[in-house]
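Results of the structural survey
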Amino acid sequence: MKKRILSFLLVAALGVSLCACMGPADNAGGDSANNGSGSGGESNPLLFEVPEGGYDGEMITIKFDHTFSSRYWDVLDACIVEFNKMYPMINVQHQIVGTCEDIYTWTTMSNEKNRANIVCCSPEQMEGYIEKEMVIALDKLMKDTDSGFSQAELDDCASAFSAQGREYGDGHGYVYSLPISKVNTERPDFCIMKKENPQEMMASWLFVKFLLTNKEFQAAFS
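Residues numbered from 1 in each chain as written. Predicted model: local features only at pLDDT ≥ 70, side-chain atom pairs only at ≥ 80, totals over all residues. Heavy atoms only, no water.

Quick word on the overall build of the chain
Within the chain, the secondary structure is distributed over 8 helices and 5 strands. Listing every helix and strand of the chain by position from the N terminus yields α-β-α-β-α-β-α-α-α-β-β-α-α. The buried share of the chain, reckoned over its 222 residues, is 42%. Taking all contacts inside the chain whose residues are at least 6 apart in sequence as the whole, residues at least 24 apart take part in 73%. (Helix = DSSP H or I, 4+ residues; strand = E, 2+ residues; numbered from the N terminus. Buried < 20%, exposed > 50% of the residue type's maximum accessible area, 1.4 Å probe, protein only. Contact = heavy atoms within 4.5 Å.)

Details of the pairing of strand E3 (residues 118-121)
Taking every second residue as pointing to the same face, both faces of E3 are buried, with Ile118 and Cys120 on one and Val119 and Cys121 on the other. Inspection of the sheet shows strand E1 (residues 60-66) paired to E3 by 2 bridges, in the parallel sense. Within E3, the residue paired with Asp65 across the bridge is Val119. Judged from the 4 bridges that link them, E3 and strand E5 (residues 189-192) form a sheet pairing that is antiparallel. Paired with Ile118 across the strands is Ile192, a residue of E5. (Pairing = 2+ DSSP bridges.)

Some words on helix H3 (residues 100-109)
Three or more residues of H3 are buried, namely Cys100, Ile103, Tyr104 and Thr107. For H3, the angular spread of the buried residues around the axis is 100°, confining them to a single face. Taken together, the buried residues of H3 touch E1, E3 and helix H4 (123-131). (Arc of directions from axis to C-beta.)

Description of unusual backbone geometry
With a phi close to 55°, Glu133 is a non-glycine residue in the positive phi region. Along the polypeptide, Glu133 turns up in the loop between H4 and helix H5 (139-143). Classification of Glu133 by relative accessible area gives partly exposed; the value is 43%.

Comments concerning the side chain of Asn184
Positionally, Asn184 belongs in the loop between strand E4 (178-179) and E5. In this structure the side chain of Asn184 is engaged in a polar contact, spanning 3.0 Å, whose partner is the backbone nitrogen of Glu186. (Polar contact = N/O pair within 3.5 Å; in protein donor to acceptor, adjacent residues only side chain to side chain.)

Quick look at the packing of H3 against H4
H4 packs onto H3 with a crossing angle of 15° between their chain directions and a minimal axis gap of 9 Å. Relative to H4, H3 is oriented roughly parallel. Regarding H3 and H4, the two cross each other, and that crossing is left-handed. On H4, the residues that touch Cys100, Glu101, Ile103, Tyr104, Thr107 and Thr108 of H3 are Gln125, Gly128 and Tyr129. For the contact of H3 with H4, the residue count by class is 4 nonpolar, 4 polar and 1 charged. (Axes fitted to C-alpha atoms, helices over the stretch in contact; angles between N-to-C directions. Parallel < 35°, antiparallel > 145°, perpendicular 65-115°, else oblique. Left-handed = near helix turned anticlockwise from the far one by under 90°. Nonpolar A, V, L, I, M, F, W, Y, C, P; charged D, E, K, R; others polar.)

Put into structure tokens, the structure is as follows:
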């Protein structure tokens, strides 16, 4: 009888030890708040993680496909000149492709290497880009200490951009696009394409942020 009791106690102790080692099953994936999880608790593969040190200054060419008619090109070219005073190693190339639907068709038909880094889009195309996992969520870029919006920029315009951008999301509160104009809702949005090189996405973000906070650009598209 004593042997049976001893055996039972050993088995029970072993079971408690194994449970303690394994831990709660629902914590196996770590804290969802630190994993880029949305309201559904699932990790978002499109949420861009800002690399340590942000943009590292390497020579990068980014391409911007837009819907702007030629009367806006002087403003855009002037913005690129000013942008390059801050980031001389980022070469910005832009071209008009047609409508947002034309851009979507061209972008989805192209491989990652050939497609643009930044494109103009509307809600109809954004849904397709998200479904095909071709764009990045901008939330961490917007809040980054070094590369994100400053408090002054948040107070001036970024909050309005963010509120509009979330309307085009996947229902979990992520921002995938930011409107070109905070006052003219007829204008399309910017979205940044997912690329293998994180520095391309960092450079693209810096240019988009520059246009969003540039008074001349905003005045032209108001």
